[in-house]
Amino acid sequence: MIYIDEDYCKGCHICLYMCYKNVYAISKEANKKGVQLPYVNFEDRCTKCGVCEIVCPDQAITVDIDPNWWIENNEYENFNPNMTMQ
Amino acid sequence: MSKPNRFIPYLREDRLPHIFCLGCGNGSIMNAFLAGMEKAEMDFENIAMVSGIGCSSRIPGYVKCDSLHSTHGRALSFATGLKVSNPDLDVVVFTGDGDCASIGGNHLIHAARRNINLTVICINNNIYGMTGGQISPTSPKGSFGTTAPYGTEDNPFNLAELVATAGATYSARWTTSHIENVVTSIKTALKNPGFSFVEVVSQCPTYYGRKNKLRTPTAMAVTLKVNSVLKSKAQNMSPKALEGKIVVGEFANKSKAEFTDNIEKLVQAKSGGKKVINSAFEAEL
């Protein structure tokens, strides 16, 4: 899942250019702040690389990445190599 | 319902959303620094951030760690004092191009010459953004600004090569369109014992873009990506073909004796292992 925070987004649309798979699209109507928000148009294309999360200047995009995404079978589901310090 | 953002735990949430303009690259570089810090497995409590004056120097105000907002151009001097008095800290300096190249140019050269263990992230947006769009030392030849209505004729500063020549152990240049390389470079710079310099060419749609017919943030990001050439490819290109291009890559990656280690050795040799000032974390001060 990809979440876009409407309070933080300023509408620069850099996520549309930086996404390698063209997941996002621009909505036609502006919200109450006058911002044409991006929305997730093709979610099945998303590979969860996380570039849009880093490149968003306003911390508005959140990609729900499973911490053990690189383990194919779920035999070691309790194994967390502590890739991120949270 | 929605999951909180990955970088919100590191930021002062009561100050968000930040005051950077629409499409400014400073927010992306703040995210890239936090992601690189996670990858390098640094202790977030042990990091001190130092900044000078400018748009990019507002970044430490949004990060939830110890920070020092110093005078214009003297961020590296303050950071040197902080690092020498307390060598256990991981000092990170955020500067802009006006702060780092024009008024603080000598501080930059001599910090690189001493090879003190600092991490400097220079956000280069090719213009003085905060004061109204004047031409800076890193503006490309032929670009327009408030003080150059017919286009500037000066040659720009090449900061990453300058620092590599001055004796830094790590020096790299990337743009905001190569954000994954920025994260990897910041990770290497944080781990490197010695002076490490990462120059990130950023977009400024409000002033640089308005004067140079690149009004939208997307147009500026496309221009950065199209105009950048990798260093290994640029070695075989003629100087005429390289005009107006941004050479990206790593310019130095070596190892050398470090400044605070040298001071430690001198103190050990001259005063028999008894330092005048110990670390600030020790209680016996």
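Cut-off values and rules
Residues numbered from 1 in each chain as written. Chains lettered and ligands numbered in written order. Predicted model: local features only at pLDDT ≥ 70, side-chain atom pairs only at ≥ 80, totals over all residues. Heavy atoms only, no water. Helix = DSSP H or I, 4+ residues; strand = E, 2+ residues; numbered from the N terminus. Contact = heavy atoms within 4.5 Å. Pairing = 2+ DSSP bridges. Axes fitted to C-alpha atoms, helices over the stretch in contact; angles between N-to-C directions. Buried < 20%, exposed > 50% of the residue type's maximum accessible area, 1.4 Å probe, protein only. Arc of directions from axis to C-beta. Phe/Tyr/Trp six-rings, centres within 6.5 Å; stacked < 30°, edge-to-face > 60°. Lys NZ or Arg CZ within 6 Å of the ring centre and 35° of its normal.

J.: Any chance you could break down the environment of B:Ile123 for me, citing the residues and the numbers?
T.: All names here are of chain B. For isoleucine 123, the position within the fold is in strand E4 (residues 119-124). Considering only alpha carbons, one finds isoleucine 123 and alanine 40, 83 residues apart in sequence, at a separation of 21 Å. For isoleucine 123, the residues in contact, after removing those within four places along its chain, are Asn26, Ile29, Ser56, Ile59, Phe94, Thr95, Gly96, Asp97, Val200 and Ser202.

J.: For the sheet that holds strand E1 (residues 47-51) of chain B, give the residues involved together with the corresponding values.
T.: Residue and element names in this part refer to chain B. Judged by pairing direction, the sheet is mixed, and its eight strands sit side by side in the order E2-E1-E3-E4-E8-E7-E10-E9 without closing on themselves. Bordering the open sheet on either side are strand E2 (66-69) and strand E9 (228-230), each of which pairs with just one other strand. Averaged over all pairs of adjacent strands, the angle between their axes in this sheet comes to 20°, without regard to strand direction. The pairing of strand E7 (residues 170-175) with strand E10 (residues 246-253) spans four bridges and is antiparallel. Pairing of tyrosine 170 across the sheet is with asparagine 253, part of E10. With respect to the sheet, helix H8 (residues 217-227) is in contact with E7, strand E8 (196-201), E9 and E10, its orientation differing from that of E9 by roughly 30°.

J.: Got a sec to walk through helix H2 (residues 75-85) of chain B? Specific residues and values, please.
T.: Residue and element names in this part refer to chain B. Here H2 has its buried residues at Ala75, Leu76, Ala79, Thr80 and Lys83. Looking straight down H2, one finds its buried side chains confined to an arc of 135°; they lie on one side. The inward-facing, buried residues of H2 contact E1, strand E3 (90-96), helix H3 (97-103), helix H4 (105-114), E4 and helix H10 (259-271).

J.: So what's going on with unusual backbone geometry? Which residues, and what values?
T.: The omega torsion of the bond from B:Leu16 to B:Pro17 falls at -5°, within 30 degrees of zero and hence cis. Here B:Pro17 is to be found in the segment before helix H1 (26-40). Backbone geometry places A:Asn22, a non-glycine residue, at a positive phi of 55°. Secondary-structure assignment places A:Asn22 in the loop between helix H1 (14-18) and strand E2 (24-26). Taking the relative accessible area as the measure of exposure, A:Asn22 reaches 46% and is therefore partly exposed. A positive phi is found at B:Lys213, a non-glycine position, where the angle reads about 60°. Assignment of secondary structure puts B:Lys213 in the loop between helix H7 (205-211) and H8. Here B:Lys213 falls in the exposed class, since its relative accessible area comes to 79%.

J.: Mind laying out the packing of aromatic side chains, listing which residues take part and the relevant values?
T.: In this description, an aromatic ring pair is defined by two values, namely the gap between the centres and the angle between the planes. Residue and element names in this part refer to chain B. Applying the stated criterion across every chain yields a total of three aromatic pairs over all chains. A centroid spacing of 4.9 Å and a plane angle of 65° characterise the contact between tyrosine 10 and phenylalanine 44, whose relative ring orientation is edge-to-face. With tyrosine 10 in the segment before H1 and phenylalanine 44 in the loop between H1 and E1, this pair connects stretches of sequence that are 34 residues apart. Across the pair, phenylalanine 44 and tyrosine 10 agree in class, each one buried. Between the aromatic rings of phenylalanine 20 and tyrosine 62, the centroid separation amounts to 5.8 Å while the plane-to-plane angle is 75°, which identifies the pairing as edge-to-face. Placement of the pair is phenylalanine 20 in the segment before H1 and tyrosine 62 in the loop between E1 and E2, with a sequence separation of 42 residues. Per residue, the accessibility class of phenylalanine 20 equals that of tyrosine 62, and both read buried. The ring of phenylalanine 259 carries arginine 114 above its face, with NZ or CZ at 5.6 Å from the centroid.

Keep in mind that these numbers describe shape and distance, not what the molecule does.
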